[in-house]
Amino acid sequence: MTVIAPLPRQKHPVLVLVICCMSLLLVSLDATIVNVALPSIRRDLHADVSNLQWTLDAYTLVLAALLLLSGTTADRIGRRRTFQIGLAVFGLGSLLCGFAPGIGWLIAFRALQAVGGSMLNPVAMSIITAVFDDPARRARAIGVWSAVVGVSLALGPILGGALLQVADWRVIFWVNVPVVIAALVLTAVFVPEIRARRRRRFDPIGQLTVGTLVACTVAGLIEGPRRGWGDPLTLALFGVAVAALVVLIAYELRREDAVLDPRLFRSLPFSNAVVTAIAAFAGNGAFLFLMTLYLQDVRGFTPLVAGLHLLPMAITQLVCGPLSGRLVARFGTRPSLVLACAFWIVSFLGLTLLADDTPQLLLLTLFGLFGVGQGFVNAAVTTAAVSGMPLSRAGSAAAIASTSRQVGVSLGVALAGTVTGIAAGGIGAGFTSATHAMWWTMLGVSVAVLVTSVLATGPIGRRSREAIQDLLRDTGSVQTAEARHSEAEAVSRG
């Protein structure tokens, strides 16, 4: 159990939010900025499609595997200190990526980047939660945070394209270094140290099984099309993933300080938040991976022009992120979740008609509609994951939500190669029509998420949330969470 020590009222909460958003910008930008450089990396380092998938997924996989451990580490040594270590490691990884002599080295240094990145997002989210103790202000702060998530994911290809117009692909990693230095200085001056009163114990077995489950699942999806689904290595990867899942559930149910407490999933709102996060970021990962290749290799656009085509996606996410935060603060998570799913359905349906000569106006419209859906979903997912949880579990819940996002990106990139067949057949004349299978898949996922979101935000969801509060009740923490929840409802009614 982790009990958070109360913080005195902060003099510069907005500045703390800006600093935390800087770290989020770094991590999220780097998850996508590489997309627009993939054709250049493929030519320069003689990489195939599988190598390109690993260049993206080595980053998101390590992030997903270590986010939960980073949350526990922050509870033990302090959140500001963990945040600073993460910044330093991320900066070192970025510097080394720019000097990578081959594709294998680049994949390895991307993994090092992610080790640092794993210490940033969930820790920054917990800092924001502690600094903004008023429910309405916290919801608005999460809305700003969510806007940065969306914009950074969309602006990555644009910034990458601009840099590639004037420099080598390596510079897209080096630009992180001065931002890291600035963030380190500002963190030391303005961000308060936050520690748990009672430190949670490390859970090496839980951490190992979580990492194994995620890594083997994604590795199987990437290697399956290339090696064959009946290949011994492919079967072994999926077999180990299943075994890791069984061990994880059995072991964590018996552990008090579990790195991933399976009981949290008895809360329907929390479970839906996790599923929605995976679906949203799987769609985002697949969208950016496939559309970057489509715009450059099929349409023949330069990296900058290809990145600019994604500008409507960035703008709509920028607008809809804060709007979603306000909707969540006033009406709860249902409106934002329903709107997100509706816009996904429309955009994916349009993408099933994608052709080599699709009019640019239609492309830009579809990109913008997809961005609206991504903008609305982030604040709702974050709020649904932590609201109603005992404060002692809020950090774990936020870390699981962040992990789900990275798992989603990894699965999206892996599935994009698997479902379309390009991982096995390469990028050829039938690439555009091959992407239709992925868009139909995401359309079905969006409809399913719409149904579960309506259920999770209704009476069934409220009852399951109350049940998990009783199950995880510990002295002082549930009462505080319930008081904040009641206050948030009062704000909504007002």
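The structure presented is a predicted model; accordingly, all values stated were derived computationally and were not measured.

J.: What's the story with the packing of aromatic side chains in this structure? I'm lost.
T.: The description of an aromatic ring pair uses the distance of the two centres, along with the angle that the planes make with each other. Enumeration over the complete set of coordinates arrives at nine aromatic pairs. Each ring, one from Trp 169 and one from Phe 173, has its centre 6.3 Å from the other, and the planes form 85°; the classification is edge-to-face. One exposure class covers both Trp 169 and Phe 173, and it is buried.

J.: Is there a simple way to think about the confidence of the model for the protein chain in this case?
T.: The predicted coordinates should not be examined in detail at positions where pLDDT is low. Residues at a pLDDT of 70 or more form 85% of the protein chain, whose mean pLDDT is 80. Here residues 1-9 scores under 50 on pLDDT; set against residues more than four positions off or in separate chains, the count is 27 contacts. Contacts from residues 474-494, a stretch scored under 50 in pLDDT, to residues over four places away or in other chains number 33 contacts.

J.: Would you mind showing me how to read a nonpolar patch on the surface here?
T.: Together, Leu 308, Leu 311, Ile 315, Leu 318 and Val 319 give the surface a local cluster of nonpolar side chains, amounting to about 430 Å² of exposed area. Sorting elements by how many residues they give to the nonpolar patch places helix α14 (residues 311-331) first, with four residues.

J.: Is there a simple way to explain the packing of helix α10 (residues 204-227) against helix α11 (residues 232-252) in this structure?
T.: How two helices pack is summed up by the angle between their axes together with the distance between the axes. In the contact formed by α10 and α11, the axes pass within 8 Å of each other and the chain directions differ by 155°. Taken as axis vectors, α10 and α11 run roughly antiparallel relative to one another. The two elements α10 and α11 cross, and the hand of that crossing is left-handed.

J.: Is there a simple way to explain the side chain of Asn 378 in this structure?
T.: Here Asn 378 shows up in helix α16 (residues 360-386). A distance of 3.1 Å separates the side chain of Asn 378 from the backbone oxygen of Gln 374, its partner in a polar contact.

J.: Would you mind showing me how to read the pattern of salt bridges here?
T.: A side chain of one charge can pair with a side chain of the opposite charge when the charged atoms of the two come close. Counting across every chain of the model gives three salt bridges. Asp 297 serves as the salt-bridge partner of Arg 42, at 3.2 Å between the closest nitrogen and oxygen. Of this pair, Arg 42 sits in helix α2 (residues 38-45) while Asp 297 sits in helix α12 (residues 268-298), and the two are 255 residues apart along the sequence. With a relative accessible area of 22%, Arg 42 lands in the partly exposed category.

J.: I would appreciate a short explanation of the packing of helix α4 (residues 79-97) against helix α5 (residues 103-117) in the present structure.
T.: It is the contact of α4 with α5, at a shortest axis distance of 7 Å, that shows an interaxial angle of 165°. When the interaxial angle is binned, α4 and α5 end up roughly antiparallel. Crossing hand, α4 versus α5: left-handed. Two secondary-structure elements touch here, α4 through Gly 86, Val 89, Phe 90, Leu 92, Gly 93, Ser 94, Leu 96 and Cys 97 and α5 through Leu 106, Phe 109, Arg 110, Leu 112, Gln 113, Val 115, Gly 116 and Gly 117.

J.: It is not clear to me how helix α3 (residues 49-77) should be interpreted in this structure. Could you clarify?
T.: Think of an α-helix as 3.6 residues a turn; residues three or four steps apart then line up on the same face. Counted at 1.5 Å a residue, the expected span for α3 with its 29 residues is 42 Å, and the 41 Å between its end C-alpha atoms agrees. The sharpest bend along α3 reaches about 40° and sits at Leu 66. Buried residues dominate α3, accounting for 23 of its 29 residues. A side-chain oxygen of the first residue of α3 lies 2.8 Å from the backbone nitrogen of Asn 51; this N-cap is Asp 48.

About the cut-offs
- Residues numbered from 1 in each chain as written.
- Predicted model: local features only at pLDDT ≥ 70, side-chain atom pairs only at ≥ 80, totals over all residues.
- Heavy atoms only, no water.
- Phe/Tyr/Trp six-rings, centres within 6.5 Å; stacked < 30°, edge-to-face > 60°.
- Buried < 20%, exposed > 50% of the residue type's maximum accessible area, 1.4 Å probe, protein only.
- pLDDT = per-residue confidence, 0-100.
- Contact = heavy atoms within 4.5 Å.
- Patch = residues over 30% accessible without salt bridge, like charges linked within 9 Å, V, L, I, M, F, W, Y side chains within 5 Å.
- Areas by Shrake-Rupley, 256 points an atom, 1.4 Å probe, with all protein chains shown as cover.
- Salt bridge = Lys/Arg side-chain N within 4 Å of Asp/Glu carboxyl O.
- Helix = DSSP H or I, 4+ residues; strand = E, 2+ residues; numbered from the N terminus.
- Axes fitted to C-alpha atoms, helices over the stretch in contact; angles between N-to-C directions.
- Parallel < 35°, antiparallel > 145°, perpendicular 65-115°, else oblique.
- Left-handed = near helix turned anticlockwise from the far one by under 90°.
- Polar contact = N/O pair within 3.5 Å; in protein donor to acceptor, adjacent residues only side chain to side chain.
- Expected span 1.5 Å × (residues − 1).
- Bend = angle between axes of the 7 residues up to and from the residue.

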